[in-house]
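Spelled out from the first residue to the last, the chains are:
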Amino acid sequence: MNIRTIALGILALAVLLGPPPRDVAAEEIQGRVYRDNDQDALFSPGDEPLAGIEVLLVRLDGGSPEPVALTVTDANGQYGLPAVGPGTYRVQVISLPDG
């Protein structure tokens, strides 16, 4: 099984706009939500993993966007979304910590 990792840094527009849609085919989607303290768009020492953040997978094919799966980040800021069928999807952070 191929695994794609999508890192979502908590940086101004990066979170508000979300990452670009991706075409996937039957792959589990994993990633990490963190506060990018050094603002290099990479998870690195000094960055803060964010626990308890809601992450939503949305299917973009066809008419209106359709929510597919919802999960919450663990203590390390990591999340996993189930394998999905072929299509175009967006991973969205739907809850943010204060500050």
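Here, the structure is the one placed above.
Not measured: the values here are computed from a predicted model. (Residues numbered from 1 in each chain as written. Predicted model: local features only at pLDDT ≥ 70, side-chain atom pairs only at ≥ 80, totals over all residues. Heavy atoms only, no water.)

### Some thoughts on the overall build of the chain
Per the secondary structure count, the chain includes one helix and eight strands. Reading the chain from its N end, one meets helices and strands in the order β-α-β-β-β-β-β-β-β. Within the chain, residue pairs in contact and separated by at least 24 positions form 64% of the contacts whose partners lie at least 6 positions apart. A total accessible area of about 5600 Å² is found for the chain, and carbon and sulfur atoms account for 54% of it. (Helix = DSSP H or I, 4+ residues; strand = E, 2+ residues; numbered from the N terminus. Contact = heavy atoms within 4.5 Å. Areas by Shrake-Rupley, 256 points an atom, 1.4 Å probe, with all protein chains shown as cover.)

### Some points on the environment of V55
Tracing the backbone through its elements, the reader meets V55 in strand β5 (residues 54-59). On the basis of relative accessible area, V55 is assigned to the buried category, the value being 0%. On a C-alpha basis, the gap between V55 and V91 in space is 6.9 Å, while along the polypeptide they are 36 residues apart. Apart from the residues within four sequence positions on either side, V55 is in contact with V33, A69, L70, T71, T73, Y79, L81, V91 and Q92. (Buried < 20%, exposed > 50% of the residue type's maximum accessible area, 1.4 Å probe, protein only.)

### So, the side chain of S44
One can find S44 in the loop between β3 (28-35) and β4 (48-49). Among the polar contacts listed, one links the side chain of S44 to the side chain of D38, at a separation of 2.9 Å. (Polar contact = N/O pair within 3.5 Å; in protein donor to acceptor, adjacent residues only side chain to side chain.)

### Quick look at the nonpolar core
Within the largest apolar cluster, 13 residues are counted, with the highest numbers of intra-cluster contacts made by V33, V55, L57, Y79, L81 and V91. Considering each element in turn, this core owes the most residues, three residues, to strand β8 (residues 87-93). (Core = buried A, V, L, I, M, F, W, Y, C linked by side-chain atoms within 4.5 Å.)

### Details of the pattern of salt bridges
One side chain can pair with another of opposite charge once the charged atoms of both are near each other. All chains considered together, the criterion is met by two salt bridges. R35 serves as the salt-bridge partner of E48, at 3.3 Å between the closest nitrogen and oxygen. Residue E48 is found in strand β4, and its partner R35 is found in strand β3; the two are separated by 13 residues along the sequence. Of the charged contacts in the structure, one is a salt bridge between D61 and R59, with a shortest N-O distance of 3.1 Å. Looking at D61, the relative accessible area reads 29%, which means it is partly exposed. On the accessibility criterion, R59 (24% relative accessible area) is partly exposed. (Salt bridge = Lys/Arg side-chain N within 4 Å of Asp/Glu carboxyl O.)

### Thoughts on the side chain of T71
Along the polypeptide, T71 turns up in strand β6 (residues 66-72). For T71, a relative accessible area of 18% puts it in the buried group. Those residues in contact with T71 that sit more than four places away from it in its chain are I53, E54, V55, Y79, G80 and L81.

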